[in-house]
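Architecture at a glance
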Amino acid sequence: MAVIKIDTSIYDAQLSEKEQRIIAQFQRFGVEQLEVFGSEPIHYRQRAEFRVWHDGDDLFHIMFDQATKEKIRVDTFDPAAPLIGEVMQAMIENLKGCEILRRKLFQIDYLSSLSGEILVSLLYHKPLDDEWLTAIKALKVALSERFKIDFIGRARKQKEVLGDDYVTERLTVNGQELIYQQVENSFTQPNAKVNIKMLEWAQDLCKPLKNDLLELYCGNGNFSIALAGSFNRVLATEISKSSVHSAQYNIAKNKVTNLDIIRMSSEEFTQAMNGERTFSRLEGIDLTSYNCQTILVDPPRSGMDTLTCDLVANYESIIYISCNPDTLERDLEHLTRTHEVKRFAIFDQFPYTHHIESGVFLQRK
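Residues numbered from 1 in each chain as written. Predicted model: local features only at pLDDT ≥ 70, side-chain atom pairs only at ≥ 80, totals over all residues. Heavy atoms only, no water.

The name given to the protein in an unreviewed UniProt entry is tRNA/tmRNA (uracil-C(5))-methyltransferase, with Pseudoalteromonas haloplanktis as the source organism.

**Comments concerning the sheet that holds strand β2 (residues 47-55)**
Just so we agree on the cut-off: What makes two strands pair is DSSP finding at least two bridges between them. Secondary structure elements follow DSSP: runs of H or I no shorter than four residues count as helices, runs of E no shorter than two count as strands, and numbering proceeds from the N terminus. Between the N-to-C directions of two axes lies an angle of 0 to 180 degrees, each axis being a line fitted to C-alpha atoms and, for a helix, fitted only over the stretch in contact. Any two residues whose heavy atoms approach within 4.5 Å at even a single point are treated as in contact.
Spatially, β4-β3-β2-β5-β6-β7-β8 is the arrangement adopted by the seven strands of the open sheet, whose pairing is mixed. Edge positions in the sheet fall to β4 (71-74) and β8 (158-162), since each has one partner strand and no second. For this sheet, the mean angle separating the axes of adjacent strands, direction not counted, is 30°. The strands touched by helix α2 (residues 82-96) within the sheet are β2, β3 (58-64), β4, β5 (105-112), β6 (117-124) and β7 (148-155), with β5 carrying the most contacts at an inclination of about 150°. Where helix α4 (residues 130-143) meets the sheet, its contacts fall on β6, β7 and β8, and the angle it forms with β7 comes to roughly 160°.

**Some remarks on the UniProt feature "binding site: S-adenosyl-L-methionine" (unreviewed entry) in the protein**
Here is the rule we go by: UniProt positions are given in the numbering used here, feature names are shortened, and annotations may be inferred rather than shown by experiment. Exposure is judged per residue with a 1.4 Å probe applied to protein chains only, and the accessible area is read against the type maximum: over 50% gives exposed, under 20% gives buried, and values in between give partly exposed.
Within the UniProt annotation, "binding site: S-adenosyl-L-methionine" (unreviewed entry) is assigned to Gln 189, Tyr 217, Asn 222, Glu 238 and Asp 298. Looking at the element boundaries, Gln 189 is found in the loop between β10 (176-183) and α5 (192-206). By relative accessible area, which is 10% here, Gln 189 ends up buried. If sequence neighbours within four positions are ignored, Gln 189 has contacts with Arg 47, Asn 195, Met 198, Asn 222, Asp 298, Gln 349 and Glu 357. Tracing the backbone shows Glu 238 in strand β12 (residues 233-238).

**A few points about the UniProt feature "active site" (unreviewed entry) in the protein**
The positions UniProt marks with the feature "active site" (unreviewed entry) are Cys 323 and Glu 357. Taken along the chain, the residues just named run across 35 residues; in space they keep tight, none of their C-alpha pairs more than 4.6 Å apart. Summarising the element assignment, Cys 323 is placed in the loop between β15 (317-322) and α10 (325-335). Excluding anything up to four places from it in sequence, Cys 323 contacts Pro 299, Pro 300, Arg 301, Ile 356 and Glu 357. By the element assignment, Glu 357 lies in strand β17 (residues 357-364). For Glu 357, a relative accessible area of 4% puts it in the buried group. The contacts of Glu 357, once residues within four sequence positions are left out, are Gln 189, Met 198, Asp 298, Ile 321, Ser 322, Cys 323, Ala 345, Ile 346, Phe 347, Gln 349 and Phe 350.

As C-alpha cells, this is what we get:
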C-alpha cells in the first residue's frame, strides 16, 4: 500500500511537454504558438472518487493503478481540494467505529466547491434501512459543526438524500461572481480555477463579437452564462435532463435574461435547423428570429458528427472547446475548409496526466 503524493517539481516540465505535443499535432493548421493556462500544482480537483477497502477493523480509501491494477492506499490525496482532504479524514475516523455505516460500503465520492460546500456520496452493496438513516443523520449533525456538508446514500434502485444533491459553486470571472449549481453524478469541470481561466479566455474572444450566440453541448450553462453579457441573445442546447435543470436554475440565480436553453442533442438541433424535423421542445422558440453569427461547441470526447460539423461551419466565428486532441484534429480537418484558426489555447485541467483541454477560435476565411 502507498500514499498518493505529488512531486510538484515536475509540473512545469509536464506542462511544457503538453504544449510541444499540441503544437506538433496542430502545426499543419497554422498553429505555431499556444496560449497556455496552467493549473495549481496541488489541490486542484473539486471532485474525487475512491473505492473503500475493509481490512479487519481498519478502513481506508483506495485507488487502483491503471497499468498494474495494484491497490493503492489513499490516506492523503494531493490532487484534491483541501476541503476534500479534510472531509476524507473525518469520514474515515467516523466510519471505522460505526458498523451500520461501514458495512458493505464500497465507494465514496466527494464533490466540493471553491465556495466551501461539499457533498459526500456513499455507495453500498446493501439496502439502506431506517437504522442506516438514523446513523447517517447523526453523522451529518456531527460533521456539520466543522463543514457545510450534505450526504447521499446509494444502493441498488435506492437513493437517499440528506440535504441537497448538489453544491453551489461561486466563481469570480473577470471580477464578476457567477453562481453554478453542480449536481451529483452530472458533468462539471473538475478543476475550478482552470475553469475560471477558460471562461475568461472565452469572454476575451467574445468582446468584439456582436449579434447572437449559439452554443451546443452547453451542460449546466458553464459558458452560456459567462458569455451572455457579450451578446444580444444566446440560444443553447443540451441533451442531459439534469444538466438542463441545473442550467435553468443557474440562469435564474445569475439573473440572465437573454439566454434560452433547450433540451436537444446536437444531431436533433441540426435536423431542426435544416428543416428536416419539427420538435415540440422548440414550441415558443422561433429559430429564425436569432441572428447567430458565433457558435460555441464543447462536445464529448467523441467530438462532433459530420452533420454537426456542417452546421457549425455555417457560422462566421467558431469557438471549439475540446477535451480530446484527436477528435479535435479530425473536426478541424472539416472546419478549416471554410475557416482559419485565429487563436489556440490549452488549459491544464488534469495535471500529471496526458489529458489536455483545448480552446480554438476560428473565423471564416
